[in-house]
Amino acid sequence: MDIHEYQAKELLEQEGVKILAGGLADSPEQAVYQANVIGGSMWVVKAQIHSGARGKAGGVKVCHSTDEVRAAADSMLGKKLVTHQTGPAGKRVSHVYVEAGCEIEKELYFSLLLDRAHEEVVLVASSSGGMDIEELAEHSPEAMIKIHVEPAVGLQDFQARALAFALGIPKAGLSQAIKTIKGAYRTFRDFDAIMVEINPLVVTKTNKVIALDAKMAFDDNALFRHPDILALRDKSQEDPRETAASDRGLSYIGLEGDIGCMINGAGLAMATMDMIKHAGGEPANFLDIGGGASPERVAEAFRLVLADDNVKAMLVNIFAGINRCDWVAEGVVQAVRNMELKVPLVVRLAGTNVEEGQQIIENSGLSIITAETLADAASKAVAASRQYAG
């Protein structure tokens, strides 16, 4: 789960990370009000969406008068901001964050990530901040600084100091830099985050170390331990299909293809998508219905997949262990009848009660294409999608 910049900054500030004065606004008038509350003669208006690279897309504007603040907010609010991370659909801007300006002496990059290969937390930093980390890593890998932290031990003071020195923080700003690094680590650890990024982390002309931007993502599986973090969720920034699936306890990820998938088990789902690609098709989604696939749950999954207008065929691939093929078959037949399914449907069943499940489908009288193997099912789904599209 992602959160907005202003929310991430609030969490970081609680752990001693210095941020600039700022306020949230959902209208140009509120943006001007926030600028007047902050005071000064320079402000930055930032679109609040779950995406990086906002500045390149016009989502970050420096203003030197309240008229400019009003105009900047008006140009963003209610519009869709398209970045290379949002894709062509973009994301709607419902709020802007008005923040005080500052005189920047140096921009740095700093983040904490999970290194799954080493089962450690890794601090990634660079003295070149304010740009895409992917671009920086590709073109200037020597500029990347990495420090691994053993979770059972935690971030040590000497590691925070070593990173601050490596970044070239001036002596007058070292104390605040170390406090910032340790505070970001505590936030990462205490809230089960999978990513905390401060880009840029700036050093001002008066040697203050400030988080000028912040991004955070959290482990969905740990949110039950953090209702305060879950309360920060902004569903308007999520794929509506994925939100609907999450609300119903289904694991769903929307893709760009035209073959809808309903599968039990993440591994089988990945294998099925690979097989669809191998057969020359493109999956429209990843959908794992899990181990308790009752007829009602299957019907919900059908509605979710078919809500995507791009779907030209649907593939159901079930290997029943905890599940039962007859339950799944009943759900499939029920969904097809209730929804008046128009796209071709391919069903492959294997495992517990497979004969009973196949019998239910055969006796339904519905135009359901059956398959014996995964390869056969993928090939039939690709052929059916092309025939339907043609």
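Look up a bit, the structure's there.
Please read all numbers here as calculations on a predicted model, not as lab measurements.

A. Representation of helix α12 (residues 354-363) within the structure. Turning to α12, its buried residues number three or more, namely Val354, Gly357 and Ile361. The arc that holds every buried residue of α12, seen down its axis, measures 65°, which confines them to one face. The outward face of α12, more than 90 degrees from its buried face, is lined by the exposed residues Glu355, Glu362 and Asn363. For α12, the secondary structure elements touched by its buried residues are α11 (325-339), β17 (345-351) and β18 (369-371). Once α12 finishes, Gly365 follows within two positions and takes phi at roughly 75°, a positive value.

B. Spotlight on the packing of helix α10 (residues 295-306) against α11. Relative orientation of the contacting elements α10 and α11 amounts to 50°, with a least axis distance of 8 Å. One element, α10, and the other, α11, form an angle in the oblique class. Handedness of the crossing formed by α10 with α11: right-handed. Counted together, Pro295, Val298, Ala299, Phe302, Arg303 and Leu306 of α10 and Trp327, Val328, Glu330, Gly331, Val332, Gln334, Ala335, Val336 and Met339 of α11 form the full contact between these two elements. When grouped by side-chain class, the residues that make up the contact of α10 with α11 number 11 nonpolar, two polar and two charged.

C. Quick look at the side chain of His50. Note on placement: His50 falls in the loop between β2 (43-47) and β3 (60-63). A relative accessible area of 13% means that His50 is categorised as buried. Leaving out residues up to four positions away in the same chain, His50 has contacts with Asp2, Ile3, His4, Lys91, Asp234 and Gln237.

D. How the structure looks around the packing of aromatic side chains. On inspection of all chains with the given rule, the structure shows one aromatic pair. When the ring of Tyr6 is compared with that of Tyr97, the centres are 6.4 Å apart and the planes differ by 25°; the resulting orientation is stacked. Of this pair, Tyr6 sits in helix α1 (residues 5-13) while Tyr97 sits in strand β6 (residues 96-100), and the two are 91 residues apart along the sequence.

E. How the structure looks around unusual backbone geometry. A cis amide bond links Asn199 to the next residue, Pro200, at an omega of 10°. Within the secondary structure, Pro200 is located in strand β10 (residues 193-204). Of note, the phi angle at Ala53 is positive, near 60°, even though the residue is not glycine. Structurally, the position occupied by Ala53 is in the loop between β2 and β3. In this structure, Asp192 takes a positive phi of about 55° despite not being glycine. Here Asp192 shows up in the loop between α6 (174-190) and β10.

F. Fine view of the pairing of β2. With five of five residues buried, β2 lies mostly within the body of the structure. Going residue by residue along β2, you find Trp43, Val45 and Ala47 tucked away on one face and Val44 and Lys46 tucked away on the opposite face as well. As paired elements, β2 and β6 share five bridges and run antiparallel to each other. Pairing of Ala47 across the sheet is with Val96, part of β6.

Reading the values: the criteria
- Residues numbered from 1 in each chain as written.
- Predicted model: local features only at pLDDT ≥ 70, side-chain atom pairs only at ≥ 80, totals over all residues.
- Heavy atoms only, no water.
- Buried < 20%, exposed > 50% of the residue type's maximum accessible area, 1.4 Å probe, protein only.
- Helix = DSSP H or I, 4+ residues; strand = E, 2+ residues; numbered from the N terminus.
- Arc of directions from axis to C-beta.
- Contact = heavy atoms within 4.5 Å.
- Axes fitted to C-alpha atoms, helices over the stretch in contact; angles between N-to-C directions.
- Parallel < 35°, antiparallel > 145°, perpendicular 65-115°, else oblique.
- Left-handed = near helix turned anticlockwise from the far one by under 90°.
- Nonpolar A, V, L, I, M, F, W, Y, C, P; charged D, E, K, R; others polar.
- Phe/Tyr/Trp six-rings, centres within 6.5 Å; stacked < 30°, edge-to-face > 60°.
- Pairing = 2+ DSSP bridges.

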